Amino acid sequence: VRSSIAVKIDYPEYLNDESGLISNGNAEKIFFPESENELIEIVKMSYSQKTPITISGGGTGISGGRVPLNGWIIATDNLTCISAENANDKFQWSDQSTGKSYELELIIVSENEARFRVPVSISVKEIQNFCKEHGWFYPPDPTERTAYIGGNVATNASGARSFKYGSTRNWIQSLRITLIDGTVLHLTREDVPIGTNHTITLNDTIKVPRPTYNLPNTFKNVVGPVITDDSQPIDLFIGTEGIFGIITEVELRLIKAPKFIISMFIFVEDFNQAKIVSKLANERRKHQKNPIPMTVEYLDHRALKIMRSKDNTISDTAKGLIIIEQDVNSQEELDIYLEKWFEDFSSIGIEDISVAQLNNEIEHHKYLRHLVPESINMIARMNKQPKLGTDYSAPIDKMDELFDYAMKLGEKFENELSLSKNEFGYIFWSHFGDNHVHLNLLPQTNEQRELAKSMFKEFMEQIVSWNGSIAAEHGLGKKEFNGKPVIYIQLGEQGVNEILKMKKILDPDFLLNRGNLIGYQETQ
Ligand SMILES: Cc1cc2nc3c(=O)[nH]c(=O)nc-3n(C[C@H](O)[C@H](O)[C@H](O)COP(=O)(O)OP(=O)(O)OC[C@H]3O[C@@H](n4cnc5c(N)ncnc54)[C@H](O)[C@@H]3O)c2cc1C
């Protein structure tokens with residue numbers, strides 16, 4: 001347990017996250033529970049004293065979600081064990097690269113599927129390392145692999161491979177959750193779907209009203225609880241940014257590892273070539289016709305410049321880069337798929353392609369890809385202004401409109417800045433196949449920051465008018481516009497009131513992750 005001064009001096013990083021959005025993070029105490037029981041004790045204390053709690057995962061969030069505004073921090077870093085009562089075949093495993101040790105459980109369901117029970121502090125990278133060692137595959141692959149699985153569940157992270165495999169939500173078999181009064185829930189995919197019921201039943205005594213707001217027509221959306229007739233009670237805790245409960249344990253679904261994964265860097269001469277590739281991949285996904293890629297991304301020429309600073313083999317004439325990752329199950333399949341892709345590229349006039357197949361080559365591609373957001377975050381820190389990034393997705397048939405809007409907005413914003421040579425005011429990359437764009441504006445002054453915000457407000461309204469989503473994977477955290485949480489732009493008063501009703505039942509004093517998603521009003 002550490003007091004406020006110690007938090008500021010010894011643990012300043014816990015007062016922020018990767019967003020740099022909030023400069024006044026503040027907490028009286030920080031706790032590092034080592035077991036679910038310890039965590040429950042802290043939560044009960046908070047509940048009886050009405051002290052707000054902010055939950056911290058790996059701190060890689062980019063919406064200010066783990067930044068405490070007051071009260072206590074519960075850091076999940078030391079939750080490395082799974083709970084005794086529901087795990088029978090626990091074993092200890094250490095990650096060679098991080099040296100961290102975890103208690104885990106692996107249940108093999110069939111040759112093709114396993115269940116993997118993990119504590120929340122294990123990182124995505126460590127899960128991937130475990131899977132590699134044991135011949136299994138965990139498909140979600142958010143770019144920032146130091147994020148914890150707890151943070152990934154709370155934000156329903158997705159990233160590149162969602163094109164074929166969907167977001168974190170699709171890979172969760174069960175969750176253990178601690179509510180603010182210390183109640184523990186164990187929700188699983190075996191629970192009855194919500195169907196047309198008006199309430200969601202969490203246990204014998206806790207029921208919450210089901211939200212009725214419109215859901216966007218997109219592949220990815222994390223704006224508030226995403227509940228459909230097929231959803232189950234567990235879905236209420238996925239992607240809701242910790243406002244309803246604290247996740248302590250996650251059971252993941254794993255599949256058999258593909259024999260090979262190939263990563264292709266495809267350099268395009270104009271944006272139309274990229275659009276044709278994305279449309280082609282979408283047709284294949286729609287008709288379930290192979291080869292369906294795991295990943296279809298697009299990065300602009302500024303991103304290429306960043307990559308070139310670390311690898312001079314990267315094209316300096318290309319307009320942009322498509323990244324395709326393809327999983328294959330045999331050598332024969334590999335040959336067929338590669339031939340098919342190369343036929344496609346050649347028919348579009350694309351010639352400059354780099355194929356990575358060996359582990360170290362693939363890691364190098366990943367390193368270059370990761371360098372882009374990381375460098376942008378660094379530029380923002382140097383500018384002493386947070387970058388403002390979109391996480392918007394639109395329906396697939398609005399692809400031309402979405403990217404046209406994003407590029408024009410970037411240019412318009414950049415024209416307002418006085419930049420020296422080699423500097424830039426915007427950059428974009430996208431989970432292209434899912435019609436999901438990360439346009440990043442890099443203001444250098446407070447005025448430019450306000451301008452960027454107002455431009456994004458208009459962009460968000462446009463997205464909503466297309467029936468798109470203003471948060472496809474990063475969550476809304478503590479993002480506001482004119483002092484109001486941005487969630488109102490998509491869900492309106494009525495939609496937000498529906499979430500507030502659920503919050504009132506699960507956390508009547510508004511103690512958990514106060515400020516996230518739906519903000520906080522004293523009168524609540
Ligand atoms: C360079 C870079 C690239 C990124 N790329 C992607 C990407 O491709 N796809 C993507 O989806 N995201 C991406 N992100 C965003 C980020 O990595 C994800 O949002 C991630 O899921 C956050 O996990 P974390 O453990 O770091 O959580 P934190 O930042 O610590 O917290 C995020 C939110 O989850 C809550 N939370 C954390 N743990 C728990 C818990 N146990 N119970 C309840 N609530 C909890 C926190 O309170 C907070 O609201 C990227 C970030 C960076 C910096």
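Look up a bit, the structure's there.
Q: Is there a simple way to explain the site of the ligand in this structure?
A: In the vicinity of the ligand there are 37 residues, among which Ile-55, Gly-57, Gly-58, Thr-60 and Gly-61 approach most closely. Asn-152 has a polar side-chain atom sitting 2.8 Å from an oxygen atom of the ligand. At 2.9 Å from a nitrogen atom of the ligand is found a main-chain nitrogen or oxygen belonging to Ile-247. Here the ligand loses 98% of its free accessible area of 980 Å² to cover by the protein chains.

Q: Any chance you could explain the side chain of Ser-83 here in plain terms?
A: The topology assignment puts Ser-83 in the loop between strand S3 (72–75) and strand S4 (90–94). In this structure Ser-83 comes out as buried when scored by relative accessible area, which is 12%. Looking at Ser-83, its side chain comes within polar contact range of the side chain of Arg-176, at 3.2 Å. If sequence neighbours within four positions are ignored, Ser-83 has contacts with Glu-36, Arg-176 and Glu-249.

Q: What's the story with the state of the cysteines in this structure? I'm lost.
A: Here, the word disulfide means a covalent bond between the sulfur atoms of two cysteines. Under the counting rule described, the total for this entry stands at zero disulfides. Cysteine Cys-81 is unpaired, with the sulfur of Cys-131 as its nearest cysteine sulfur at 19 Å. Judged by its relative accessible area of 38%, Cys-81 is partly exposed. Using a relative accessible area of 2% as the deciding quantity, one classes Cys-131 as buried.

Q: Mind showing me how you'd approach helix H3 (residues 124–134) here?
A: Side chains three or four residues apart in an α-helix point the same way, a direct result of the helix having 3.6 residues per turn. Every buried residue of H3 is listed here: Val-124, Glu-126, Ile-127, Gln-128, Asn-129, Phe-130 and Cys-131. Against the buried residues of H3 lie S4, strand S5 (101–110), strand S6 (113–119), strand S7 (136–137), helix H4 (149–155) and strand S12 (246–256). Once H3 ends, the next one or two residues include Gly-135, with phi positive near 80 degrees.

Q: Would you mind going over the packing of aromatic side chains with me for this structure?
A: Aromatic ring pairs: the centre-centre distance and the angle between the two ring planes describe each pair. Applying the stated criterion across every chain, the model contains 24 aromatic pairs. Measuring from ring centre to ring centre gives 5.6 Å for Tyr-14 and Phe-32, while their planes differ by 90 degrees; the resulting arrangement is edge-to-face. Here Phe-32 lies in the loop between strand S1 (29–31) and helix H2 (36–49) and Tyr-14 lies in the loop between helix H1 (4–10) and S1, a separation of 18 residues in the sequence. Between Tyr-298 and Phe-428 the ring centres are 5.9 Å apart and the planes differ by 40 degrees, which places this aromatic pair in the tilted class. In this pair, Tyr-298 sits in strand S14 (residues 295–300) while Phe-428 sits in strand S19 (residues 426–431), placing the two residues 130 residues apart along the sequence. Each member of the pair Tyr-298 and Phe-428 is classed as buried. Three or more aromatic residues joined by ring pairs form one cluster here, namely Phe-271, Tyr-298, Phe-403, Phe-428 and Phe-432.

Q: I'm lost on the nonpolar core in this one. Help?
A: Across soluble globular proteins, nonpolar side chains have a tendency to be buried as a group. Counting residues in each nonpolar core, the largest one holds 125 residues, and the members touching the most others are Leu-175, Leu-236 and Phe-237. At eight residues, the largest contribution of residues to this core is made by helix H12 (residues 487–506). Excluding anything up to four places from it in sequence, Phe-237 contacts Val-153, Leu-175, Ile-177, Leu-179, Leu-185, Leu-187, Leu-202, Phe-244, Gly-245 and Ile-247.

Q: Help me understand the pattern of salt bridges, please; the structure alone is not making it clear to me.
A: In a structure, side chains of opposite charge can pair up when their charged atoms sit close to one another. This structure, assessed with the given rule, holds 31 salt bridges. Across the pair Glu-103 and Lys-90 runs a salt bridge whose closest N-O atoms are separated by 3.8 Å. A residue pair is termed long-range when its members are at least 10 positions apart, and Glu-103 in strand S5 and Lys-90 in strand S4 qualify at 13 residues. We classify Glu-103 as buried; its relative accessible area is 14%. Residue Lys-90 is classed as partly exposed on the basis of its relative accessible area of 32%. For Glu-493, the salt bridge goes to Lys-484, with nearest N and O atoms at 2.9 Å. You can call Glu-493 partly exposed: its relative accessible area is 45%.

Cut-offs applied
- Within each chain, residue numbers correspond to sequence positions counted from 1 in written order.
- Whole-chain, interface and lining totals are the exception, using all residues; otherwise, since this is a predicted model, local features are given only for residues with pLDDT of at least 70 and side-chain atom pairs are given and counted only at 80 or more.
- Each side-chain value is worked out from all heavy atoms of the structure, with water and hydrogens disregarded.
- Only a single heavy atom is needed: when it lies within 4 Å of a molecule or strand, its residue is near that molecule or strand.
- Here a polar contact means two N or O atoms within 3.5 Å. Within protein one must be a hydrogen donor candidate and the other an acceptor candidate, and residues neighboring in sequence count only if both atoms are side-chain atoms.
- Accessible surface is estimated by sampling points in the Shrake-Rupley manner with a 1.4 Å probe; for residues, cover comes only from the protein chains shown.
- Only runs of H or I of at least four residues qualify as helices and only runs of E of at least two qualify as strands under DSSP, and these elements are numbered from the N terminus.
- For the exposure calls, accessible area comes from a 1.4 Å probe over protein chains only, and a residue counts as buried if that area is under 20% of its type's maximum, exposed if over 50%, partly exposed in between.
- When checking whether two residues touch, look at their non-hydrogen atoms; a contact exists if any pair is within 4.5 Å.
- Here, two cysteine sulfur atoms that lie within 2.5 Å of each other are counted as a disulfide.
- For Phe, Tyr and Trp, rings pair up if their centres lie within 6.5 Å, where Trp contributes its six-membered ring, and each pair is then called stacked (planes under 30 degrees apart), edge-to-face (over 60) or tilted (otherwise).
- Each nonpolar core is a collection of buried residues, namely Ala, Val, Leu, Ile, Met, Phe, Trp, Tyr and Cys, held together in the definition by side-chain atoms within 4.5 Å.
- Here, a salt bridge means any Lys or Arg side-chain nitrogen found within 4 Å of an Asp or Glu carboxyl oxygen.

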